[in-house]
Protein chains: 2
Amino acid sequence: MGDVYKAVADETRRIILDELLERDEQTLFELCTRLTMKHGLSSTRQAVSQHLEVLEDAGLVHSERRGRYKIHTIDTRPLAQIADRWPVRPPREDIP
Amino acid sequence: MGDVYKAVADETRRIILDELLERDEQTLFELCTRLTMKHGLSSTRQAVSQHLEVLEDAGLVHSERRGRYKIHTIDTRPLAQIADRWPVRPPREDIP
DNA sequence: TTGACAGGCAAGTGACTACTTGCCTACGGT
DNA sequence: ACCGTAGGCAAGTAGTCACTTGCCTGTCAA
């Protein structure tokens, strides 16, 4: 099982998650097209494919083959461990 | 301003955050000692110092000089943007 | 004031990582 | 059957990152 933290450490992978959150169940080519069109990224197909592999290892994306297409589905649940590990609250204020 | 995602991408930095969450306001040497004793990490002082710098750039740690000591305080608030960006909910289930 | 302690600065190194390039496999339509 | 499309499989490369090493600065106690 891959590292969720390392998965979201890359900005391109974060944009892929954004894109899948906005429109779930996209193929590799759809994602490539949208990354170049909407986000101005000039990533090759292989680059995006490798990013999706990392996201899949982290459990953030699931994939399913349909004919000659590979459909990618987002799963944000692994991100919950981040919020669970360090509860968000204001820092200690030192008032002398 | 540094990258919060890159800051938590490293396991040592995550352990530092754990340690600061359990006991806030530690010096560099205290953190070094606890990392080696409690977590079995053999990090040098400079390594931990550089990690703290990354965490500070990301806004996750604030530091304050007191005499010859440097006190480190945790601030988990920058982590909220992760939960905000991708709301955690179950993935789409395909029931044919 | 001198030595010990807490920390900083900066260059160098090895490992990892994002990305590319080139070629190959599989499925579908005509 | 054949061509085009969607995707996979490496190997190679350039850049980043974690970590070390060596030396320097500042602070407190005796």
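Everything numeric here is computed off the predicted structure, so don't read it as measured data. (Residues numbered from 1 in each chain as written. Chains lettered and ligands numbered in written order. Predicted model: local features only at pLDDT ≥ 70, side-chain atom pairs only at ≥ 80, totals over all residues. Heavy atoms only, no water.)

> How should I be thinking about the protein's contact with DNA strand C in this particular structure?
Contacts to DNA strand C come from 21 residues, most closely from Arg13, Thr44, Gln50 and His51 of chain A together with Phe29 of chain B. Arg13 of chain A has a polar side-chain atom sitting 2.9 Å from a phosphate oxygen of DNA strand C. In the model, a sugar or linking oxygen of DNA strand C is placed 3.4 Å from a nitrogen or oxygen of the Arg68 of chain A side chain. Here the surface near DNA strand C gets four residues from one element, more than from any other, and that element is helix 4 (residues 45–57) of chain A. Across the surface near DNA strand C, the residue classes tally to four nonpolar, 10 polar and seven charged. (Near = heavy atom within 4 Å. Polar contact = N/O pair within 3.5 Å; in protein donor to acceptor, adjacent residues only side chain to side chain. Helix = DSSP H or I, 4+ residues; strand = E, 2+ residues; numbered from the N terminus. Nonpolar A, V, L, I, M, F, W, Y, C, P; charged D, E, K, R; others polar.)

> Is there a simple way to explain the side chain of Arg14 of chain B in this structure?
With respect to the helices and strands, Arg14 of chain B occurs in helix 2 (residues 11–22). A distance of 3.2 Å separates polar atoms of two side chains, one belonging to Arg14 of chain B and the other to Asp3 of chain A. When near neighbours in sequence (up to four residues on either side) are disregarded, Arg14 of chain B contacts Asp3, Tyr5, Arg85 and Trp86 of chain A together with Val8 and Ala9 of chain B. (Contact = heavy atoms within 4.5 Å.)

> Sorry, what's going on with the pairing of strand 1 (residues 61–66) of chain B here?
Consecutive residues of a regular strand have side chains that alternate between opposite faces of the sheet. Residues and elements named next belong to chain B. Where strand 1 and strand 2 (residues 69–74) come together, six bridges link them in antiparallel fashion. Bridged to Arg66 within strand 2 is Tyr69. The turn joining strand 1 and strand 2, which pair antiparallel and follow one another in sequence, is formed by two residues; a positive phi near 65 degrees is taken by Gly67. (Pairing = 2+ DSSP bridges.)

> Before we go on, may I ask you to explain the interface of chain A and chain B in this structure?
A common way to express how large an interface is: the accessible area buried when the components associate. The interface is formed by 32 residues belonging to chain A together with 31 residues belonging to chain B. Interface of chain A and chain B: buried area, both sides summed, is about 2,800 Å²; carbon and sulfur atoms make up 58% of it. Between the two partners, chain A and chain B, sit six salt bridges. Taking the shortest distance from any N to any O, the salt bridge between Arg92 of chain B and Glu25 of chain A comes out at 3.9 Å. Linking chain A with chain B are 10 residue pairs in polar contact (both at pLDDT 80 or more), by the criterion used here. The leading source of residues in the side of chain A that touches chain B is helix 2 (residues 11–22) of chain A, at six residues. Of the residues in the side of chain A that touches chain B, the class split is 15 nonpolar, two polar and 15 charged. (Buried area = accessible area lost by both parts, 1.4 Å probe. Salt bridge = Lys/Arg side-chain N within 4 Å of Asp/Glu carboxyl O.)

From the geometry alone we can't say anything about function, so treat these as descriptive.
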